[in-house]
Amino acid sequence: MISYVSCHDDMCLVDRLKASIPSLKTTDGKLSNSQTEELIRLDLLAQTAVFISQGVPFMLSGEEMLRDKKGVHNSFESPDSINHLDWNNMQRYPQVFQYYSGLLSLRKHHPAFRLGNADLVRKHLEFLDAPEQVVAFRLKNYAGRDSWRDIIVVLNASKEEQTIKVPKGDYTAVCANGVITQRRAGLFKVSGDAVKVAPQSALIIHN
């Protein structure tokens, strides 16, 4: 299975979000600061869904720098003004590149996210109860001989903070509210049988 949220012969992710999310639509094509912040949150959340999914992730070039194609779907006949990669975006939105880099590293170093066998997925992956606009699942019992015993992923697409029930335990957060870390200490610790997930963001914890 190939997982992706954008490709070369359709809208890039930024354009797709602008076209499909009512709060991101504008009359002049220019986003306010709050709209840009929401766009980035949703961009990171969408790409998180791709890179923590089983199967083969596919990413369009330039997504790591918040690329846009001025809304053009299939741009194979479009000029450079549409197809070029704006390298200035690396300075404008450094958090996007850093997050994408973190996603790639997370997937590379943790085989639980790429089991490669449907039977192993059925054995180790279980979905958790979650409200509308939220997806939550656990990769359990050292899936893929991972160094982490249990990994819990929550994708919260809603505009509200969500509380999700999880198996009781002590966890380390490695992804939360638009930040990913490779540090062994993680971002913070979580104990108990519930976690809070910030609006329009992903949470990844492990024990």
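In this report, we go over the structure that sits alongside the text. Please read these numbers as outputs of a predicted model, since none were measured by experiment.

## A word on the packing of helix α1 (residues 13–20) against helix α2 (residues 33–51)
Now for step 1: Between α1 and α2, whose axes approach to 10 Å, the crossing angle comes to 120 degrees. Looking at the two axes, α1 sits oblique to α2. Crossing angle aside, the handedness with which α1 passes α2 is right-handed. Contact residues: L13, V14, L17 and K18 in α1; L39, L42, D43, A46 and Q47 in α2.

## With respect to α2
Now for step 1: Under the 1.5 Å per step criterion, the end-to-end length of α2 is 27 Å for 19 residues, consistent within 8% with the ideal 27 Å.
Now for step 2: Within α2, 14 of the 19 residues are buried, which leaves it mostly tucked inside the rest of the structure.

## Details of the packing of α2 against helix α5 (residues 94–109)
Axes are the key here: two packed helices are described by the angle between their axes and the distance separating the axes.
Now for step 1: Where α2 contacts α5, the axes come no closer than 10 Å and their chain directions differ by 15 degrees. The orientation of α2 relative to α5 falls into the category roughly parallel. Relative to α5, the crossing made by α2 is right-handed. Across the interface between the two elements, I40, D43, L44, Q47, T48, V50 and F51 from α2 touch Q95, V96, Y99, Y100, L103, L104 and R107 from α5.
Now for step 2: Here the residues of the contact of α2 with α5 are counted per class, giving nine nonpolar, three polar and two charged.

What counts and how
- Residues numbered from 1 in each chain as written.
- Predicted model: local features only at pLDDT ≥ 70, side-chain atom pairs only at ≥ 80, totals over all residues.
- Heavy atoms only, no water.
- Axes fitted to C-alpha atoms, helices over the stretch in contact; angles between N-to-C directions.
- Helix = DSSP H or I, 4+ residues; strand = E, 2+ residues; numbered from the N terminus.
- Parallel < 35°, antiparallel > 145°, perpendicular 65-115°, else oblique.
- Left-handed = near helix turned anticlockwise from the far one by under 90°.
- Contact = heavy atoms within 4.5 Å.
- Expected span 1.5 Å × (residues − 1).
- Buried < 20%, exposed > 50% of the residue type's maximum accessible area, 1.4 Å probe, protein only.
- Nonpolar A, V, L, I, M, F, W, Y, C, P; charged D, E, K, R; others polar.

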